[in-house]
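Structure at a glance
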Number of protein chains: 2
Amino acid sequence: MSSRKITLSESEMPKAWYNIAADFARPMPPPVGKDGKPIGPDALARVFPMNLIEQEMSSERWIEIPEPVRAALYQWRPTPLHRAAGLERALGTPAKIFFKNESLSPSGSHKNNSAIPQAYYNKQFGITRLTTETGAGQWGTALSHAARLFGLECRVYMVRVSYRQKPMRQSLMRLWGARCIPSPSTETQAGRDVLAATPDTPGSLGIAISEAIEDAVTHDNTRYALGSVLNHVCLHQTIIGLEAREQFKKINLRPDVVVACAGGGSNFAGLAFPFLADKIAGRDMRVVAVESASCPKMTRGVYAYDSGDVAMMTPLLPMFTLGHGFIPPGIHAGGLRFHGMAPTVSHALREGLIEASAIPQLECFRAAALFAGSEGIVPAPESSHAIAQTIREALRAKEEGRERVIVFNLSGHGLLDLSGYQDFLDGKLEDFEQTEATLRPGIESIANLPKIG
Amino acid sequence: MSSRKITLSESEMPKAWYNIAADFARPMPPPVGKDGKPIGPDALARVFPMNLIEQEMSSERWIEIPEPVRAALYQWRPTPLHRAAGLERALGTPAKIFFKNESLSPSGSHKNNSAIPQAYYNKQFGITRLTTETGAGQWGTALSHAARLFGLECRVYMVRVSYRQKPMRQSLMRLWGARCIPSPSTETQAGRDVLAATPDTPGSLGIAISEAIEDAVTHDNTRYALGSVLNHVCLHQTIIGLEAREQFKKINLRPDVVVACAGGGSNFAGLAFPFLADKIAGRDMRVVAVESASCPKMTRGVYAYDSGDVAMMTPLLPMFTLGHGFIPPGIHAGGLRFHGMAPTVSHALREGLIEASAIPQLECFRAAALFAGSEGIVPAPESSHAIAQTIREALRAKEEGRERVIVFNLSGHGLLDLSGYQDFLDGKLEDFEQTEATLRPGIESIANLPKIG
């Protein structure tokens, strides 16, 4: 029974985050401005508090987790590492499958792991108000929760179509005291411009980011918070993999394959980077980042400087990208619809430390349904991509007769995404195939940007 | 930090359930037939498997939890006991407030604690198919999950109005392989009779129970499962309070006040009965069962023999009841809309071991919003009643300047009830006042039943 769930005590909870930048053989290219010149900390000072900018640019291997952050994370952490014995039986595989259960947080996903330190550092820096954007709603709810915890005001620009489709995510944010506004809105110049040109637009993450940044830089004591992509966000998420490593030590096992889905890259980085430290040190293992076939930046994008938003208000980051002009189809895994991949994850891919896999939506929902039935937890549509890849790996282990150890990240639960499951069960979902033609406009949107040197 | 969350290891998880029937000074009145004569085990044999009937009628103090049941419960148990430090600060109370977090189960409520052993015992008895009813949907989802785990077919009759209002609960049941049918249905004589008379009926729990029992007794290898009220269901839930007692021992504290909401009675019994054992043994404490003011069976009902369903297919049980003909208003706390209270809980109330409190809906939603903001967890509307009572107790402790220890049961989360919160936040909820006139039809429905001797 004890190999079915591996827990950690309070004293075993990590005391520092792991910064992979310290261990890359070749350094990452720096963020640059539109002129192609590297930017310094000051260029970000109106957008983020300086203590987080320092973290963003740090090359220290270990960064201490402040005690108030640990206390707040302790509400639901350390999270259990589960053996998916039911899934193994259903697949008839000799592989041992484990998953880290990040669905137990207040907002039901890994997002709280970074929302809490971000709110804490802003508070420490004297900030009283946070702005952000949200698409599917996980990040917006997580930041609302963290802001309330540390007594900060919070404003969330939510992509208009999601705002209408996901009233429950809105209610969660309101309960936690945040103001949630459909984007584009009349609150910002960026929003007003879009509304004037296209009053009926469904909105997009790119527009919402532009609005949230504009709001931050035009208000006193206000900063912007991002839920993925950036180095400090990936850093905060490494608590997932650090715990998982300790949990594997307890049962005297080591994973042969590490799997996580990747939208902006933070939950993948969170599970994978601490294991990558072992790989860099010489241990043999495969580490797989799984993206949606509808938004295939790692498998079909380019490695280039690109902006995080449509209006190009963010600095240019070195990443695998489909171009900020790329419009992904409306898959249920909203968290995987971002056009670019975190610079740290992109660099790990370039360096051959990790692999990328792209899986279409239907295979993911079938995998999720099998997992829900055999393990009793309904996964978030994003997490279902990690499960689909895990099933591929487990079936390969079966073919090869290998007793492989596989671990994946259950980045969140799907209790607020059950309408997607209903569509799947009713046979209403179809796969969308990206072609050269559908990918071209995105790639063209970055044709004239500075190149990675 | 360690006093903020008290955990138990696998080896500290209870190995036996506590049966309060062994410790009542006066025995409970027996269940009877419509003729007023006590019924024996055989009278229930078509409805429940004999191993559960034996549990239902047992007077043993401790009943061993079978190893496969413990293994299944271990997926999310032992659940943490949290100190609600944020709520204490928000109230400015000297009271120490704790809550047991039963929201971490697969279906998000305590219901799984009994669904799993019920599925297990049915499987052991050779049953291959389970039927049940569900109103709000927590019990239906929990039983679907447990049936899938033990390889049983499962059919859930869901009150028609809930079936339409809660498509997400339906999707959960389908994901776990159950067939969920709106009730009244054409699958049973009971359903067809109702449909013929009132084709547009919204359905009721009473009708759905009648359908589920008829289905069970007219199909081979099929039995019925109930999610509350009965002795064996309350028994299974005592794992909650047994864990909580161990957790309090770890921090060298004892609760002065124990609080839980009470619909059919099972989550209340689960937390309260193990503490009541201490009270029966002489320890001074208050134990409060909180009902909805819209369905006030303990505070305004009668103690009498009554049936569990409208069609009177169940035996007559001695309970505080508003009468099986009582139609409660459509409050969001669907789990508190049952007309009667578990015989064990009713007996404890008659014996003066516990108190009852009735709280209107709006006070509960206000309490829930304060809790969600200060503790980060959105409670189920049912659980919000326990929170509202806890807040009353904490404010009284403040008036009296007493450092009282209060524990309540967070019986479930409210992530699938966020539409209720939306109505609350939008100011659309109103309280409903029960009067002599509105309570009369229910009481009249039991006027001609046998009396408790």
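Just above sits the structure.
What this report covers is the structure whose coordinates are included nearby. Just so it is clear, the structure is predicted and the values come from calculations on it, not from any experiment.

**Description of the overall build of chain A**
The helix and strand inventory of chain A stands at 18 helices and 15 strands. Its C-alpha atoms give chain A a radius of gyration of 20 Å, near enough to 22 Å, the size a compact globule of 453 residues would have. Considered along the principal axes of its C-alpha atoms, chain A spans approximately 60 × 50 × 45 Å. For chain A, the proportion of its 453 residues judged to be buried stands at 65%. In chain A, of all internal contacts separated by at least 6 residues, the share reaching a separation of at least 24 is 77%. Approximately 15700 Å² of chain A is accessible, and the part contributed by carbon and sulfur atoms is 50%. A distance of 3 Å separates the average location of the 47 positive side-chain charges in chain A from that of its 46 negative side-chain charges.

**A few points about the interface of chain B and chain A**
On the side of chain A, 39 residues touch chain B, which itself brings 39 residues to the contact. Summed over both partners, the interface of chain B with chain A comes to about 3900 Å²; 61% of that surface belongs to carbon and sulfur atoms. Counting every contact that joins chain B to chain A gives two salt bridges. For Asp 426 of chain A, the salt bridge goes to Arg 174 of chain B, with nearest N and O atoms at 2.8 Å. Breaking the side of chain B that touches chain A down by element, the ones donating at least two residues are α2 (67–73), α5 (138–149), α7 (167–175), α15 (361–375) and α17 (418–425) of chain B. Counting residues per element, the side of chain B that touches chain A draws most heavily on α7 of chain B, at six residues.

**Re the environment of Gly 33 of chain A**
All names here are of chain A. For Gly 33, the position within the fold is in the loop between β2 (16–18) and α1 (50–57). Counting along the chain gives 283 residues from Gly 33 to Leu 316, while the straight-line C-alpha distance between them is 5.9 Å. When near neighbours in sequence (up to four residues on either side) are disregarded, Gly 33 contacts Ile 39, Leu 316 and Pro 450.

**Regarding the packing of α5 of chain B against α7 of chain B**
Residues and elements named next belong to chain B. At their nearest, the axes of α5 and α7 sit 8 Å apart, and the two run at 10 degrees to each other. Between α5 and α7, the interaxial angle falls into the category roughly parallel. Of the residues in α7, those in contact with Gln 138, Gly 140, Thr 141, Ser 144 and Arg 148 of α5 are Arg 169, Leu 172, Met 173 and Leu 175. By residue class, the composition of the contact of α5 with α7 is three nonpolar, four polar and two charged.

**Structural notes on the relation of the copies chain B and chain A**
The two copies are related by a screw operation: chain B maps onto chain A through 180 degrees of rotation and 0.0 Å of translation along the axis, at an RMSD of 0.0 Å. Such a turn and shift between the copies fits a two-fold axis. Of the residues that chain B buries at the interface, 100% are likewise interface residues in chain A, meaning the two copies contact each other through the same surface.

**With respect to unusual backbone geometry**
Following Arg 77 of chain B, the chain continues into Pro 78 of chain B via a peptide bond in cis, with omega recorded as -10 degrees. Geometrically, the link from Ser 183 of chain B to Pro 184 of chain B is a cis peptide bond, its omega value of 10 degrees lying close to zero. Despite not being glycine, Asn 252 of chain A shows a phi value in the positive range, around 60 degrees. Even without being a glycine, Asn 221 of chain B presents a positive backbone phi close to 50 degrees. Topologically, Asn 221 of chain B is positioned in the loop between α9 (205–217) and β9 (222–224).

**Thoughts on the sheet that holds strand β10 (residues 257–261) of chain A**
All names here are of chain A. Taken in spatial order, the seven strands line up as β1-β4-β5-β15-β10-β11-β14 in an open sheet, and their pairing is mixed. Each having just a single partner strand, β1 (5–6) and β14 (355–359) make up the two edges of the open sheet. In the sheet, strand β4 (residues 81–83) pairs with strand β5 (residues 96–101) via three bridges, with the strands oriented antiparallel. Within β5, the position partnered with Leu 81 by the bridge is Lys 100. Contacting β5, β10, β11 (286–292), β14 and β15 (405–410), helix α16 (residues 381–400) crosses the sheet at an angle of about 170 degrees to β15.

**Observations concerning the pattern of salt bridges**
In total, this model carries 48 salt bridges over all chains according to the counting rule given. Between Glu 12 of chain B and Lys 250 of chain B there is a salt bridge whose closest N-O contact spans 2.9 Å. With Glu 12 of chain B in the loop between β1 (5–6) and β2 (16–18) and Lys 250 of chain B in helix α11 (residues 239–250), the pair connects residues that are 238 residues apart, well separated along the chain. Judged by its relative accessible area of 30%, Glu 12 of chain B falls in the partly exposed class. Judged by relative accessible area, Lys 250 of chain B falls into the partly exposed class, the value being 46%. Within the structure, one salt-bridge network assembled from shared partners comprises Arg 129, Glu 153, Arg 155, Arg 179, Glu 187 and Asp 215 of chain A.

**Section: helix α14 (residues 343–350) of chain B**
Residues spaced three or four apart along an α-helix face the same direction, because each turn holds 3.6 residues. All names here are of chain B. The element α14 is largely enclosed, with a buried count of seven among its eight residues. Along α14, the residues classified as buried are Pro 343, Thr 344, Val 345, Ser 346, His 347, Ala 348 and Leu 349. Those residues of α14 hidden inside the fold are in contact with α10 (231–237), α12 (266–280), α13 (297–300), β12 (302–306), β13 (317–321) and β14 (355–359). Gly 352 occupies a position one or two residues after α14 and carries a positive phi of about 75 degrees.

**A word on the side chain of Arg 129 of chain B**
All names here are of chain B. In this fold, Arg 129 is placed in strand β6 (residues 129–134). By relative accessible area, Arg 129 is classed as buried at 9%. A polar contact of 2.9 Å, which involves the side chain of Arg 129, links it to the side chain of Asp 215. For Arg 129, the contacting residues outside a window of four places in its chain are Glu 153, Arg 155, Asp 215, His 219, Asn 221, Thr 222 and Arg 223.

**What to know about the pairing of β6 of chain B**
All names here are of chain B. Of all the six residues making up β6, six are buried; the element is thus mostly covered by neighbouring parts of the structure. Across six bridges, β6 lies against strand β7 (residues 153–159) in parallel orientation. Residue pairing across strands places Thr 132 opposite Val 156, the latter belonging to β7. Once you follow β6 into α5 and on to β7, the crossover reads as right-handed. In terms of strand pairing, β6 meets β9 through three bridges, oriented parallel.

**Things to note about the sheet that holds strand β5 (residues 96–101) of chain B**
Residue and element names in this part refer to chain B. Ordered by their spatial adjacency, seven strands build an open sheet running β1-β4-β5-β15-β10-β11-β14, and the pairing between neighbours is mixed. Every other strand in the sheet has two partners, leaving β1 and β14 as the edge strands with one partner each. Pairing geometry for strand β10 (residues 257–261) and strand β11 (residues 286–292), over five bridges, is parallel. Across the sheet, the residue bridging to Cys 261 is Val 290, located in β11. In the packing of α12 onto the sheet, the strands contacted are β10, β11 and β15 (405–410), and the crossing angle to β10 comes to about 155 degrees.

The rules we used
Each chain carries its own residue numbering, running from 1 in the direction its sequence is written. Naming scheme: in the order in which they are written, chains are lettered from A and ligands are numbered from 1. It should be noted that, the model being predicted, local features are given only for residues of pLDDT at least 70 and side-chain atom pairs only at 80 or more, the latter also being counted only at that level, while totals for whole chains, interfaces and linings use all residues. Side-chain metrics rest on all non-hydrogen atoms present in the structure, leaving aside hydrogens and water. Strands are runs of DSSP state E lasting at least two residues, helices are runs of H or I lasting at least four, and both sets are numbered from the N terminus onward. Within these notes, the globule rule equals 2.2 Å times the number of residues to the 0.38 power, and the radius of gyration is based on C-alpha atoms. Burial here depends on accessible area, computed with a 1.4 Å probe over protein chains only, as a share of the maximum for the residue type. Under 20% is buried, over 50% is exposed, and the range in between is partly exposed. Pairs of residues are marked as contacts when any of their non-hydrogen atoms sit within 4.5 Å. The Shrake-Rupley method, run with a 1.4 Å probe sphere, supplies the accessible areas, and residue values consider only the shown protein chains as cover. In this count, Lys and Arg are taken as positive residues and Asp and Glu as negative ones, while His and the chain termini are left out. Charge positions are represented by NZ for Lys, CZ for Arg, CG for Asp and CD for Glu. Accessible area, probed at 1.4 Å, shrinks when two parts are joined; the buried area is that loss added up over both. Take a side-chain nitrogen of Lys or Arg and a carboxyl oxygen of Asp or Glu: if they are within 4 Å of each other, that pair is a salt bridge. Interaxial angles span 0 to 180 degrees and are taken between N-to-C directions of axes, which are lines fitted to C-alpha atoms, for helices over the stretch in contact. In this scheme, roughly parallel covers angles under 35 degrees and roughly antiparallel covers those over 145, while 65 to 115 is roughly perpendicular and the rest are oblique. Classification used: nonpolar for Ala, Val, Leu, Ile, Met, Phe, Trp, Tyr, Cys and Pro, charged for Asp, Glu, Lys and Arg, polar for all others including Gly. Least-squares superposition of the copies uses the C-alpha atoms of those residues scoring a pLDDT of at least 70 in each of them. DSSP-based pairing: two strands are paired if at least 2 bridges between them are found. For the purposes of these results, a polar contact is taken to be a pair of N or O atoms within 3.5 Å, where, inside protein, one atom must be able to donate a hydrogen and its partner to accept one; residues adjacent in sequence count only when each atom of the pair is a side-chain atom. Throughout, right-handed denotes a crossover for which the path from the first strand over the helix to the second runs clockwise when the strands point away from the viewer.

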